[in-house]
Amino acid sequence: MHLHGTSKINDRGHLEIGGVDSVELAKKYGTPVFVYDVALMRQRAYDFKQAFQDLGITAQVAYASKAFSCVAMVQLANELGLSLDVVSGGELHTAMVAGFPMERVHFHGNNKSYQEMEMAVEAGIGCFVVDNFYELEQLEQLSKKHGTIVSILLRTTPGVEAHTHEYISTGQEDSKFGFDLISGQVDRAIQISEASSHVNLLGLHCHIGSQIFETRGFVLAVEKIFSFIQKWKKELGFVPTVLNLGGGFGIRYVEGDTPLPAADYIKATVAAVKQQAELLEVDIPEIWIEPGRSIVGDAGTTLYTLGSQKEIPNVRHYLSVDGGMTDNLRPALYQAEYEGVLANRATEEATEKFSIAGKCCESGDMLIWDLPLPKANHEDILAVFCTGAYGYSMANNYNRIPRPPVVFVEDGEDTLVVNRETYEDIVRLDLPLLVKTKETI
Ligand code: LLP
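Every value quoted in this text rests on a predicted model; they were computed, and no experiment measured them.

### A look at the overall build of the protein chain
Then comes step 1: Along its length, the protein chain carries 12 helices and 24 strands.
Then comes step 2: Computed over the C-alpha atoms, the radius of gyration of the protein chain is 24 Å, within 12% of the 22 Å expected from 2.2 N^0.38 for a compact globule of 441 residues.
Then comes step 3: Counting only C-alpha atoms and orienting by the principal axes, one finds that the protein chain spans roughly 70 × 70 × 40 Å.
Then comes step 4: Contacts spanning at least 24 positions in sequence make up 69% of the contacts within the protein chain whose residues lie at least 6 apart.
Then comes step 5: Mean positive and mean negative side-chain charge positions of the protein chain (37 and 59 charges, respectively) differ by 3 Å.

What follows is the structure, given as C-alpha cells:
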C-alpha cells in the first residue's frame, strides 16, 4: 500500500489523514467525501518555490485552479505565496470571493468572452495569457475603453507534446490553443502587441501537456521558443522578460508512475533557459510555471461506503460504492487508474480482487478494476487515493446525484470547506412547466 503525505494507518487499523481518523470523517460528513491533506499541499507548493529560490531565479509559481478550485483552496494558495491561474469567469469569481490578490491572477482560455475579459480588466488582474488574434483585438478595445494598460503573455504552441514518458516533437502543433510558432502567427501577435499602447507584452507562454514524468519535453519547448528569439530580437526588437512554461508535472497515482521531485523538473528547465539565454546574449527571463495536479493531486482522498456487490463466478467480483463518475470522471474519461484501501480495515491482508463500480446508470462507470482487498462487506469504507486533482473540479450531477462535500484536514483537525450538495440544490435552477389553459393551446 502506498500512502501519500501525512496518511498512515493508526492503532485502530484505520486510515488516518492529517492526524484525523478517516472512519470518523466518513461518520461525521457522510460519504462520498473528498478529504485533502493540507500539509501535503503546503509541501508541494514549497518544493516548487524553493527549487527556484535555490537556483536564484526570479519566478512565479501559479496554482492552476482548474485542478481544484473552491474559496478555501484559493485562500490556501494565497497563504502559500502562489499566484493563481484561472480559465473562466467562474474561477475568477472564486478568486475574487476568496480575496486573492488580483495582481497575482493570470487569465487563460482559448475563448474568453468579452464579459469575462471585462470582469478581469475591472478586477485589475495581473496578466492575460492571450490565446488568439480575436482576443488580442478585444483586449485592445477593452483596455482603451477602461483607460488602462493590460499586461499580457502570448500563448505559443511550440510543437512539443508531452504525456507521461513520451513526448512528441512536431513542426507545427495541431491544437486549438495558442499562436503557432512555425507559421509566423507568434511574430504577427508580437508585432500587434508591441504596436499597441494599451497592451504591455511581458513575454510568452506554452503548456506542453499533463502528467509528465520527465524533463525532456520542457527542455525541448524552451529550445524551440529560444530558436525564434534571435529573429524577434533582430526584426521586432522584442525579447521576452517572462517565459511561462505551463504545468503538467506528473504525480504517482499507481505503481509504475514515476514522477520526478519538483526540483528536478525546475533544475532541468532553468538550466535550459540559462544556456539558451547565454547563447543568444539576452537576459534570463523570469520563469513562471502553472502546476495544478502536482499541488493538489495526491493530497486528495475520496471516502466511499460500499453497498451492493455482484460476484460472477470465475469472471469478476463487483463492489459498488455510493459515488462514481459523478465525483470522479477520470476513469470513464481517460481510463485513469487509482489505488485504494478499506479505510476501516486497513491492516487486513488482501485476499481477493474486486472491481469498484460507481452507482450511475452507465456500464462505463467503473472506478477501479481488480483492486486487491480483504473480503469486503457493505458498510466498509473504501478510500481511493490521489483524487485531489480534476476530481471535484470535474464533478457533475449525472443521474441528479448531489456532489460530495470537501474537508481539509491538518494537525488532527478537520474543516468543512465545501458543503455537500442537497436535493434542494439539485432542483434550485429548475422552473416548473407552465400550465397552459385550453385557450392558449
Ligand atoms: N496550464 C495550462 C495552460 C493548462 O492547460 C493546464 C492543464 C495546466 C496549466 C495545469 O496542468 P497540470 O499541472 O494540472 O497537469 N482533466 C485532465 C487534465 C487536463 C489538464 C488541462 N490543462 C485530467 O484529469 O487528467
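Now, onward.
### A few points about the site of the ligand
Then comes step 1: Taken together, 18 residues are adjacent to the ligand, and Ser 210, Glu 290, Arg 293, Arg 330 and Tyr 390 come closest.
Then comes step 2: A distance of 2.9 Å separates an oxygen atom of the ligand from a polar backbone atom of Gly 292.
Then comes step 3: A distance of 2.8 Å separates a nitrogen atom of the ligand from a polar side-chain atom of Tyr 334.
Then comes step 4: Across the shell around the ligand, the residue classes break down as 5 nonpolar, 7 polar and 6 charged.
Then comes step 5: Counting residues domain by domain, the shell around the ligand receives three or more from each of domain 1 (8–37 + 297–427) and domain 2 (108–291).

### Brief notes about the pattern of salt bridges
Then comes step 1: The final tally for this structure, using the stated rule, is 20 salt bridges.
Then comes step 2: The salt bridge partner of Arg 252 is Glu 339, with a shortest N-O separation of 3.1 Å. With a gap of 87 residues between them, Arg 252 in the loop between strand E15 (242–244) and helix H9 (262–280) and Glu 339 in the loop between helix H11 (330–334) and strand E19 (340–342) connect regions that are remote in the sequence.
Then comes step 3: What makes Arg 252 buried here is its relative accessible area of 15%.
Then comes step 4: Residue classification places Glu 339 among the buried positions, given a relative accessible area of 18%.
Then comes step 5: The partner of Asp 370 in a salt bridge is Arg 316, with the nearest N and O atoms 3.1 Å apart. In this pair, Asp 370 is assigned in strand E21 (residues 366–373) and Arg 316 in strand E18 (residues 316–321), connecting sequence segments 54 residues apart.
Then comes step 6: We classify Asp 370 as partly exposed; its relative accessible area is 39%.

### Points about the pairing of strand E23 (residues 406–410)
Then comes step 1: Within E23, 4 of the 5 residues are buried, leaving the element largely enclosed by the surrounding structure.
Then comes step 2: Relative to E23, strand E4 (residues 33–37) is paired through 4 bridges, and the arrangement is parallel. Within E23, the position partnered with Asp 37 by the bridge is Val 409.
Then comes step 3: Bridging between E23 and strand E24 (residues 413–418) involves 5 bridges; their strand directions are antiparallel. Residue Val 409 lies in a different strand from E24, and its bridge partner there is Asp 414.

### Things to note about helix H8 (residues 216–236)
Then comes step 1: For H8, spanning 21 residues, the distance from its first C-alpha to its last is 29 Å, which sits close to the expected 30 Å at 1.5 Å a residue.
Then comes step 2: A positive phi of about 60° marks Gly 237, the residue just after H8.

### Regarding the sheet that holds strand E1 (residues 8–9)
Then comes step 1: On the basis of which strands lie adjacent, the open sheet formed by 3 strands has the order E1-E2-E3 and antiparallel pairing. Because the sheet does not close on itself, it has two edges, and the strands there are E1 and strand E3 (20–21).
Then comes step 2: In this structure, strand E2 (residues 15–17) lies alongside E3, joined through 2 bridges in antiparallel fashion. Bridge assignment links Ile 17 to a residue of E3, and that residue is Val 20.

### Some remarks on the environment of Thr 156
Then comes step 1: Along the chain, Thr 156 falls in strand E9 (residues 150–157).
Then comes step 2: We classify Thr 156 as buried; its relative accessible area is 1%.
Then comes step 3: Taking C-alpha positions, Thr 156 is 8.5 Å from Ile 225, a pair spaced 69 residues apart along the chain.
Then comes step 4: With near-sequence residues (within four places) excluded, Thr 156 lies in contact with Phe 179, Leu 181, Val 186, Leu 204, His 205, Cys 206 and Ile 225.

About the thresholds
- Residues numbered from 1 in each chain as written.
- Predicted model: local features only at pLDDT ≥ 70, side-chain atom pairs only at ≥ 80, totals over all residues.
- Heavy atoms only, no water.
- Helix = DSSP H or I, 4+ residues; strand = E, 2+ residues; numbered from the N terminus.
- Rg over C-alpha atoms; globule rule 2.2 N^0.38 Å.
- Contact = heavy atoms within 4.5 Å.
- Lys, Arg positive; Asp, Glu negative; His and termini not counted.
- Charge placed at Lys NZ, Arg CZ, Asp CG, Glu CD.
- Near = heavy atom within 4 Å.
- Polar contact = N/O pair within 3.5 Å; in protein donor to acceptor, adjacent residues only side chain to side chain.
- Nonpolar A, V, L, I, M, F, W, Y, C, P; charged D, E, K, R; others polar.
- Domains from an automatic or database assignment.
- Salt bridge = Lys/Arg side-chain N within 4 Å of Asp/Glu carboxyl O.
- Buried < 20%, exposed > 50% of the residue type's maximum accessible area, 1.4 Å probe, protein only.
- Pairing = 2+ DSSP bridges.
- Expected span 1.5 Å × (residues − 1).

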